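# Observations on chain architecture
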Amino acid sequence: MATKNKNKKLTIKYWCSLSRSSRERALKYCYPIHPSIVSLLLDERPTTSEIKNGFWSVVFRKITIPADNQFYKTCFMNETYLA
């Protein structure tokens, strides 16, 4: 029986290693009707305390690192892969 690879939790290090366009797409998926929040968070580096509360908590709860990590950079809600 084949085991299904699970996506990993997003880390600050991985988030900061993504290209600006990948981070922007991920933020737009998290906040589709709030472009001001996207522009606010786009160039910020999250801290551990900010991930527990506030806008970053939504991002780190919804965005994950794909298990295969060959073609995609981020995964939204374990279903939609963002290049």
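This structure is a prediction, so every number in the text was calculated from the model and none was measured. Counting restarts for each chain, with residues numbered from 1 along the sequence as it is written. In keeping with the predicted nature of the model, local features appear solely for residues at pLDDT of at least 70, side-chain atom pairs appear and are counted solely at 80 or more, and the whole-chain, interface and lining totals rest on all residues. Calculated side-chain values reflect all of the structure's heavy atoms, with hydrogen atoms and water omitted.

### Here we look at the nonpolar core
- What we call a nonpolar core is a set of buried Ala, Val, Leu, Ile, Met, Phe, Trp, Tyr and Cys residues that are connected through their side-chain atoms within 4.5 Å. Exposure categories follow from relative accessible area, calculated using a 1.4 Å probe and restricted to protein chains: below 20% of the type maximum is buried, above 50% is exposed, and the middle band is partly exposed. Ranked by size, the top nonpolar core spans 19 residues in total, and within it L10, W15, L27, Y31, V59 and F60 carry the most contacts.
- Of all the elements in the fold, those that place two or more residues in this core are helix 1 (12-17), helix 2 (20-30), helix 3 (35-42), helix 5 (55-62) and strand 2 (63-65).
- Contact criterion: two residues are considered in contact whenever any of their non-hydrogen atoms come within 4.5 Å of each other. Setting aside anything within four residues of it in sequence, one finds W15 in contact with L10, R23, A26, L27, P46, W56, V59 and F60. Numbering of helices and strands runs from the N terminus, with a helix taken as a DSSP run of H or I at least four residues long and a strand as a DSSP run of E at least two residues long.

### Details of the side chain of S57
- Relative to the assigned elements, S57 resides in helix 5.
- Overall, S57 belongs to the buried group, its relative accessible area being 16%.
- Residues adjacent in sequence count toward polar contacts only when both atoms are side-chain atoms; beyond that, a polar contact is any pair of N or O atoms within 3.5 Å, and within protein one must be able to donate a hydrogen and the other to accept it. At 2.6 Å, the side chain of S57 and the backbone oxygen of G54 are in polar contact.
- Residues within four places of S57 in sequence aside, it is in contact with E50, I51 and K52.

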